[in-house]
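# A look at the structure
One letter stands for each residue in the lines below.
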Amino acid sequence: MPYELDHVVLWVADPVRSAAFYRDVVGLEPVRLAEFEKGLAPFVSMRVTERTLVDLVPLTVAPQLNAAPGAEGSAGNRLNHVCLATSEQEFEALRTRLEAGGHPVTPYAENSFGARGTAPRTYYFADPDGNVLEARHYG
């Protein structure tokens, strides 16, 4: 395949608050958080893998993106969900952190198809801005 996923952009009200959630609850490391807090970067990123990021972009940027040809009205729309695959141990640890922090989690779903085949178990949760995430493990 000639492509790989580089990044996903999530619209958030407060990138610093969202970065804290993704760092402290989900377990991702922030990229350019200090620069964002100093006004030197337009958004915060969270490292998923060595080559993949989730960008936490302020909703205030949406009007600028709507100015791009063909984008009228589309910037700022949420996507359905982002799926994070991890080890079974981290899958369970994340659920424990979510529940301990009072973040609602769906019941487990079984045998869900994804990029690596069928995952035995998955569940869904939302970040502070209502962006839906799925957690899964493959064995």
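Above this text sits the structure in question.
This section reports on the structure supplied with the text. (Residues numbered from 1 in each chain as written. Predicted model: local features only at pLDDT ≥ 70, side-chain atom pairs only at ≥ 80, totals over all residues. Heavy atoms only, no water.)

## Some details on the side chain of S112
Positionally, S112 belongs in strand β6 (residues 109-114). Excluding anything up to four places from it in sequence, S112 contacts G117, T118, A119, T122, E134 and R136. (Helix = DSSP H or I, 4+ residues; strand = E, 2+ residues; numbered from the N terminus. Contact = heavy atoms within 4.5 Å.)

## Considerations on the packing of helix α1 (residues 15-26) against helix α4 (residues 88-100)
It is the contact of α1 with α4, at a shortest axis distance of 9 Å, that shows an interaxial angle of 120°. When the axes of α1 and α4 are compared, the pair comes out oblique. Across the interface between the two elements, F21, D24, V25 and V26 of α1 pack against E90, L94, R97 and L98 of α4. A breakdown of the residues in the contact of α1 with α4 according to their chemical character gives five nonpolar, no polar and three charged. (Axes fitted to C-alpha atoms, helices over the stretch in contact; angles between N-to-C directions. Parallel < 35°, antiparallel > 145°, perpendicular 65-115°, else oblique. Nonpolar A, V, L, I, M, F, W, Y, C, P; charged D, E, K, R; others polar.)

## Notes on α1
Among the residues of α1, P15, S18, A19, F21, Y22, V25 and V26 are the ones counted as buried. Backbone nitrogen of V16 and a side-chain oxygen of the N-cap are separated by 3.1 Å at the start of α1; the cap is D14. Downstream of α1 by one or two residues, G27 has phi in the positive range, about 100°. (Buried < 20%, exposed > 50% of the residue type's maximum accessible area, 1.4 Å probe, protein only. Polar contact = N/O pair within 3.5 Å; in protein donor to acceptor, adjacent residues only side chain to side chain.)

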